[in-house]
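# Notes for the structure review
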Amino acid sequence: MDSRKEVLHETLIITIGQVICIAAMFGIFALLGYFDLTVLFGGIVGGILAILNFMFMAISVCVASDRAVAQDVKGGKSLMTFSMVLRYAVIFIVWVAGAVSGLCNAIALVLPIVFVRPTITVWEFFRKKENPAISETAETSSEEDPKEEGDT
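To start, this report covers the structure provided alongside it. (Residues numbered from 1 in each chain as written. Predicted model: local features only at pLDDT ≥ 70, side-chain atom pairs only at ≥ 80, totals over all residues. Heavy atoms only, no water.)

### Topic: the overall build of the chain
Secondary structure summary: the chain contains six helices and zero strands in total. Traced from its N-terminal end to its C-terminal end, the chain shows the element sequence α-α-α-α-α-α. The 152 residues of the chain split such that 25% are buried. Considering only residue pairs separated by 6 or more positions, the chain has 71% of its internal contacts joining residues 24 or more positions apart. Here the chain has roughly 10,900 Å² of accessible surface; of this, 69% comes from carbon and sulfur atoms. (Helix = DSSP H or I, 4+ residues; strand = E, 2+ residues; numbered from the N terminus. Buried < 20%, exposed > 50% of the residue type's maximum accessible area, 1.4 Å probe, protein only. Contact = heavy atoms within 4.5 Å. Areas by Shrake-Rupley, 256 points an atom, 1.4 Å probe, with all protein chains shown as cover.)

Now the structure itself:
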């Protein structure tokens with residue numbers, strides 16, 4: 001249950017980041033005079049695709065880690081590989097279908113997948129540390145003198 005809550009929480013963070021970044025992208029397209037219906041459709045479809053890609057990746061990581069805990073590392077690895085290939089194939093098909101059909105602007109369709117990484121970076125920067133005492137303990141232990149007591 002904990003991993004499902006964590007996946008939903010992280011997906012919500014990505015969704016908020018996608019909305020902000022796609023709105024900024026729309027603003028830039030509008031400022032440059034290129035905003036039209038294809039940009040709107042491309043941004044919406046690309047954003048949904050990026051959010052679903054992240055969510056399914058997170059779910060497959062949770063399932064693979066559960067398998068690894070259950071001593072089925074090979075099954076977890078094959079699940080991750082299959083998940084990655086399937087997600088990339090779906091992304092490619094949607095990108096090609098959207099761009100070739102003319103319903104979506106190709107740039108607006110592809111950019112939202114790039115927005116995931118900056119969203120994670122900004123979130124990690126502002127996220128509160130779980131337990132600062134643990135990181136302080138790790139820092140002080142690494143700063144200790146590596147000499148053994150018998151060395152002079």
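### Details of helix α2 (residues 37-69)
With 33 residues, α2 should reach 48 Å at 1.5 Å per residue; the first-to-last C-alpha distance of 48 Å fits that figure. Positive backbone phi, approximately 70 degrees, marks Gln71, located one or two places after α2. (Expected span 1.5 Å × (residues − 1).)

### Let's talk about the environment of Arg127
Here Arg127 is to be found in the loop between α5 (116-126) and α6 (132-143). Classification of Arg127 by relative accessible area gives partly exposed; the value is 33%. In this structure the side chain of Arg127 is engaged in a polar contact, spanning 2.8 Å, whose partner is the side chain of Glu124. (Polar contact = N/O pair within 3.5 Å; in protein donor to acceptor, adjacent residues only side chain to side chain.)

### Considering the packing of aromatic side chains
This structure, assessed with the given rule, holds two aromatic pairs. Their ring planes at 75 degrees and their centres at 5.4 Å tell us that Phe26 and Phe35 sit as a pair that is edge-to-face. The interplanar angle of 85 degrees and the centroid separation of 5.0 Å between the aromatic rings of Phe125 and Phe126 together place this pair among those described as edge-to-face. Across this residue pair, the class does not change: Phe125 and Phe126 are exposed. (Phe/Tyr/Trp six-rings, centres within 6.5 Å; stacked < 30°, edge-to-face > 60°.)

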